[in-house]
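Structural description and commentary
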Amino acid sequence: MDNMANVGVPVAKAVRIPAGPAPWHAVPRGLAIHVGTTVVLFADVRSGRLLPVTSGDHGLVPGGVCLPAPGDLLAVAALARHSAPVDFTPWGSLEEDVVSRLSLAVVPAQIDATAVAAMGAFVAGLPAAGHGPMTSSPQRRDARTLAVAAVAEDHLACHRYLRELVGAGPGSTPAGDDVIVGVIAAFDRVGTAAGHAAALLRSALPSFLHRTTTTSRHDLSAAIGGEFAERVHTLLDALSDSSRVPRAMQQARAWGASSGLDLAAGVAAGALSAMPLGSAHAPVEQPAVPGSRTGTFTIPATDRRSA
Amino acid sequence: MSATHDTTLGAKVFPRLYRDSVTLMAMAASVEKHDGIIRVGAVMATPANLEILERSGMRPPDLQAAPDDLVIVVRGVDDEVVTAGLEAAEQSLTTVEDAHGTRTEQAARTIAEGLAAAQRDGRDRPTMATISTPGTYAPIAVEQALKAGLHVFCFSDNVALEDEVRLKALAVDNSLLMMGPDCGTAIIDGVPLGFANVVTPGPVGIVAASGTGAQEISTLLDRAGSGVSQLIGVGGRDLSAEVGGVMTDLGLTILAKDEATQVVVVVSKPPCSVVASGLLARMADLGKPAVACLLGVADSDDGPVAVRGTLEGGAQAAARLAGHPLDVGASPTLPAAPGAPGVLGLYTGGTLAAETSIILRREGVQAQVLDLGDDEYTTGRPHPMIDPAARADRVAEVGSQPHVGILLVDLVLGHGASADPATPLADAVRTARSAAEQDGRELVVLASVCGTAADPQGFDAQRAILESAGVLVHPSNAAAARSAIELVGNRASTNHEESA
């Protein structure tokens, strides 16, 4: 494989990467393992380490490179269809002024009870779709039990729920994994008061990583390391401002078939379980926000224009 | 395969294959519709999912797969059905398999997929996206399209005002059209979008915050021999205070620079006063003759921009400026008087209904004029321009309403409209007039046909169908409204003479 000719990645006009060493240093040459509509996934030919390449539609992900325009991603996707490894070293010659670095770590911030309740009500109101392994409803329900167990420092329960959640549900990043990522991210957002809960999940999770896909392992490992995709940050920002919740939920609907909503379920569960600040060990039931379940988030039964 | 009771379970493993979950769910739903298929599952073969399959009775005992493998499981009535189901599932997951075995996904379902498909097929890069999803999802699709550099025609309604404001700002920043939301009509570079008529190309450019308003004006211009260069829809809220007319402004900029456009028309319900004054100033500055057709305002030629308060008036002013004066033609002969004083309008076009209401109100004629395309009438039902049955049902009932002597209706032709809107309407009119006649009353039905000779439904044929049912077909919607006024006046005179 080392002797195979490489295909050089086109030099983009601008890229966004996570803060820290540029991802192409860790993955100088990669073979495509997935060509999706908003993400192309490469694995380093030697280490197997993943390099996700995305565009603005998807946002930056841990260890990834985010290109400015969908057309740039299409160019990379076209390369991925070759059997030869893609050489990412041309990106190493990019001038610093076209490389933007974005910290994907969560900064603790005040969260708003109304926003948390609104997000929780929205997730609770989602209709169940699919059945058996094709539905993520069970994983979304388990989000709260996992979060409550972590806040209560119930190690046994956490292990039990992680075993059920890791790798469970639909998607190449299974729904259970998205839920877990969301819960940990919410704990990090709450900050010190939920630090013990986040630490518990981070210490328990590595022993379950073999139970999921390579792609999802990448996201879970990043979460253990304290980094989350831009999409997750969008959900976290909505926890601090209830006016952002409707739009955040709107955007989350469009992330995969259920991935966005699974992340939202995890974020809502983590935030609900960790409130209020100062009562870190007691999960608090938040009252439903009047009108938030149906008035704001109900999908119209039929839209006349879609006839 | 394994058999349990009277069913068979089969599975296929695709090593290290990832597919977007949207694709997997759609595939499973599609295969489940096949005869004999009971259930389909498509998941990554993680231990947790294999346990879920086990609990669901969907795990074949001999299944060997790793977490990075995609497994498709099918339960069906027999081996043959299950095998066919697995083959269908595999086929739907894979389309082009190139020489290297790389699989690419099927029909585009998102903006990004559409762009990728165009590039893959060697087609020119698309320049516009048309979006017709439930309103909840439209903003996401619009945003993706705009960020991909595409103009947008957004047919969807029920889009939040704040989303419209945000997305139009994004569009303007990128010099892109965002037509809508709730934009029903446009003609861009000769391409009709939504409900649009087949209109002769010509020198009049239209910016419309009104669907059927744009259709009425464009079809009258076609009749005048003038024609339309561009018809840019901007959605009904664009000229509101909140949106501020930003897309109208961009549309005017485009028409000012368009060499094929010699006269510019803006058509809308009356904007708020702040937006209106800015609009007229902007139109005066275009460097081309302009007509502001703002329904309900008083006609005026005092300023540099001709202002008209009716669609017919707007079309006449524009046609004259374009050097093709419009003679709408004669209205049909009216009966002496209707059988009852009440006037009812049952419309499929909102702006046509509004024009009628304005004309009647100006002459002091009381009437109930309904826009049956409005949300309150279309929840759970298609728009009456797409499905004429709902309006036809209401028309048929009018015959049993003794207070209604005059019924006003519209018939809108063109792309997107029903293939034959005249027949159900004509049948309903016959029913209504017959019921009224049996009751000793005459029900007068006045209509106009909004269309052109080139529209797919056949203008003359549709008109003839209505006339055969006794409908008095007028050359314009405004003309039909004027006839209603005359009839009401005739009845008032008759009553006066009788009581004298």
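What this report covers is the structure whose coordinates are included nearby. (Residues numbered from 1 in each chain as written. Chains lettered and ligands numbered in written order. Predicted model: local features only at pLDDT ≥ 70, side-chain atom pairs only at ≥ 80, totals over all residues. Heavy atoms only, no water.)

1. Observations regarding the packing of helix α14 (residues 422-438) of chain B against helix α15 (residues 459-468) of chain B
The geometry of a pair of packed helices is captured by two quantities: the angle between their axes and the separation between those axes. Residues and elements named next belong to chain B. The cut-off we apply is this: Axis definition: a line fit to C-alpha positions, over the contact stretch in the case of helices; interaxial angles, taken between N-to-C directions, run 0 to 180 degrees. What counts as a helix is a DSSP run of H or I of at least four residues, what counts as a strand is a run of E of at least two, and both are numbered from the N terminus. We call two directions roughly parallel when the angle between them is under 35 degrees, roughly antiparallel when it is over 145, roughly perpendicular when it lies between 65 and 115, and oblique otherwise. Contacts between residues were defined by any pair of non-hydrogen atoms, one from each residue, lying within 4.5 Å. Note that Gly is not counted as nonpolar here; it falls among the polar residues with everything else outside the nonpolar set of Ala, Val, Leu, Ile, Met, Phe, Trp, Tyr, Cys and Pro and the charged set of Asp, Glu, Lys and Arg.
Put simply, α14 and α15 touch, their axes get as near as 8 Å, and they point 10° apart. Relative to α15, α14 is oriented roughly parallel. Contacts between α14 and α15 pair Ala 422, Thr 423, Leu 425, Ala 426 and Arg 430 from the former with Gln 462, Ile 465, Leu 466 and Ser 468 from the latter. By residue class, the composition of the contact of α14 with α15 is five nonpolar, three polar and one charged.

2. Here we look at the pairing of strand β5 (residues 50-55) of chain A
Residue and element names in this part refer to chain A. Note the threshold: The rule is simple: take the accessible area with a 1.4 Å probe, protein chains only, and divide by the maximum for that residue type; under 20% is buried, over 50% is exposed, in between is partly exposed. Between any two strands, pairing holds if DSSP finds at least two bridges.
With six of six residues buried, β5 lies mostly within the body of the structure. Neither face of β5 is exposed, since Leu 50, Pro 52 and Thr 54 on one face and Leu 51, Val 53 and Ser 55 on the opposite face are all buried. Hairpin connection between strand β4 (residues 39-44) and β5: a loop of five residues separates the two successive antiparallel strands, and Gly 48 in this loop has a positive phi of roughly 80°. The pairing of β5 with strand β6 (residues 65-67) spans three bridges and is classified as parallel. Following the sheet pairing, Val 53 is matched in β6 by Val 65.

3. Remarks on the side chain of Thr 219 of chain B
Looking at the secondary structure, you find Thr 219 of chain B in helix α7 (residues 211-223). Given a relative accessible area of 2%, Thr 219 of chain B falls into the buried group.

4. So, the pattern of salt bridges
Residue and element names in this part refer to chain A. Put simply, the test is: Every case where a carboxyl oxygen of Asp or Glu lies within 4 Å of a side-chain nitrogen of Lys or Arg is listed as a salt bridge.
Under the criterion given, the structure shown has 26 salt bridges over all chains. Note that Asp 188 and Arg 202 form a salt bridge whose closest N and O atoms lie 2.5 Å from each other. One end of the pair, Asp 188, is in helix α6 (residues 175-190); the other, Arg 202, is in helix α7 (residues 195-204), and 14 residues separate them in sequence. Owing to a relative accessible area of 18%, Arg 202 belongs among the buried residues under this scheme.

5. Regarding the sheet that holds strand β6 (residues 151-154) of chain B
All names here are of chain B. If you trace the three strands from one edge of the open sheet to the other, you get β5-β6-β7, paired in parallel fashion. Each edge of the sheet is formed by a strand with only one pairing partner; in this case those strands are β5 (128-131) and β7 (178-179). Two strands pair when backbone bridges link them, and β5 and β6 are joined in this way by four bridges, in the parallel orientation. For Thr 130, the partnering residue across the bridge sits in β6 and is Phe 153.

6. As for the packing of aromatic side chains
Any two aromatic rings considered together are summarised by their centre-to-centre distance and by the angle between their planes. In plain terms, the rule: Here the aromatic set is Phe, Tyr and Trp, taking the six-membered ring for Trp, and pairing holds for ring centres within 6.5 Å; pairs whose planes are under 30 degrees apart are stacked, those over 60 apart are edge-to-face, and all others are tilted. Here, a charge over a ring is recorded when the distance from Lys NZ or Arg CZ to the ring centre is within 6 Å and its angle to the ring normal is within 35 degrees.
Tallied over the full model, the rule gives five aromatic pairs over all chains. Seen from their ring centres, Phe 153 of chain B and Phe 155 of chain B are 6.5 Å apart, and the 25° between their planes marks the pair as stacked. Here Phe 153 of chain B matches Phe 155 of chain B in class, with each residue buried. Put simply, the rings of Trp 24, Phe 42, Phe 88 and Trp 91 of chain A pair up and form one aromatic cluster. In this structure, Arg 160 of chain A packs its charged tip against the face of Tyr 161 of chain A, placed 5.2 Å from the ring centre.

7. Re the sheet that holds strand β16 (residues 368-371) of chain B
All names here are of chain B. Taken together, five strands build an open sheet; the order of strands is β16-β15-β17-β18-β19 and the sheet is parallel. Edge positions in the open sheet fall to β16 and β19 (472-474), since each of these has one partner strand only. For this sheet, the mean inter-axis angle between neighbouring strands, taken without regard to orientation, is 20°. Of the pairings in the sheet, the one linking strand β18 (residues 444-450) to β19 comprises three bridges and is parallel in character. Directly across from Ala 447, in β19, lies its bridge partner Val 473. Against the sheet, α14 touches β17 (404-412) and β18, its axis set at about 175° to β17. This element, α15, spans β17, β18 and β19 of the sheet and lies at about 175° to β18.

8. With respect to unusual backbone geometry
Gly 180 of chain B connects to Pro 181 of chain B through a cis peptide bond whose omega is 0°. Tracing the sequence through the fold places Pro 181 of chain B in the loop between β7 and β8 (185-188). Residues other than glycine seldom take positive phi values, yet Glu 153 of chain A does so here, at roughly 55°. Mapping Glu 153 of chain A onto the fold places it in the loop between α4 (137-151) and α5 (155-165). Using a relative accessible area of 38% as the deciding quantity, one classes Glu 153 of chain A as partly exposed. If you check the backbone angles, Arg 16 of chain B has positive phi at about 50° while not being a glycine. Within the secondary structure layout, Arg 16 of chain B lies in the loop between β2 (7-14) and α1 (21-32). Residue Arg 16 of chain B is classed as exposed on the basis of its relative accessible area, which comes to 52%.

9. Looking at helix α9 (residues 273-284) of chain B
Residues and elements named next belong to chain B. Basically, it comes down to this: Any helix carries an expected span of 1.5 Å times its number of residues minus one. It is the directions from the helix axis to the C-beta atoms that the arc portrays.
Look at α9: 16 Å from first C-alpha to last across twelve residues, which is about the 16 Å you get at 1.5 Å a residue. Residues of α9 that are buried: Val 275, Ala 276, Leu 279 and Met 283. Summarising the axial view, the buried residues of α9 lie within an arc of 100°, below the 170-degree limit, and thus occupy one face. Exposed side of α9, more than 90 degrees from the buried face: Ser 273 and Val 274 are the residues found there. Packing partners of the buried residues in α9 comprise α8 (246-257), β12 (263-268) and β13 (290-294).

10. Notes on the interface of chain A and chain B
Worth spelling out the cut-off: Summed over both partners, the accessible area lost on bringing two parts together, with a 1.4 Å probe, is the buried area. The definition of a polar contact used here is a pair of N or O atoms within 3.5 Å, where within protein one atom must be able to donate a hydrogen and the other to accept one, and adjacent residues in sequence count solely through side-chain atom pairs.
With 48 residues of chain A in contact, the opposing surface of chain B contributes 64 residues. Buried surface at the junction of chain A and chain B, summed over both partners, amounts to about 4700 Å²; 57% is from carbon and sulfur atoms. The interface formed by chain A and chain B contains three salt bridges. Ionic pairing is found between Glu 51 of chain B and Arg 163 of chain A, a salt bridge with its closest N-O pair at 3.2 Å. At the surface where chain A touches chain B, the tally comes to eight residue pairs in polar contact (both at pLDDT 80 or more). Looking at the side of chain A that touches chain B, the elements with two or more residues in it are β3 (29-35), α2 (70-80), α5, α8 (214-224) and α10 (245-253) of chain A. Looking at the side of chain A that touches chain B, the element that brings in the most residues is α10 of chain A, giving four residues.

11. Let's talk about α8 of chain B
Residue and element names in this part refer to chain B. Along its twelve residues, α8 runs 17 Å from first to last C-alpha, staying within 8% of the 16 Å computed at 1.5 Å per residue. Residues Met 247, Thr 248, Leu 250, Gly 251, Leu 252 and Leu 255 constitute the buried set of α8. Those residues of α8 that are buried are in contact with α6 (161-173), β7, β10 (201-208), β11 (228-233), β12 and α9.

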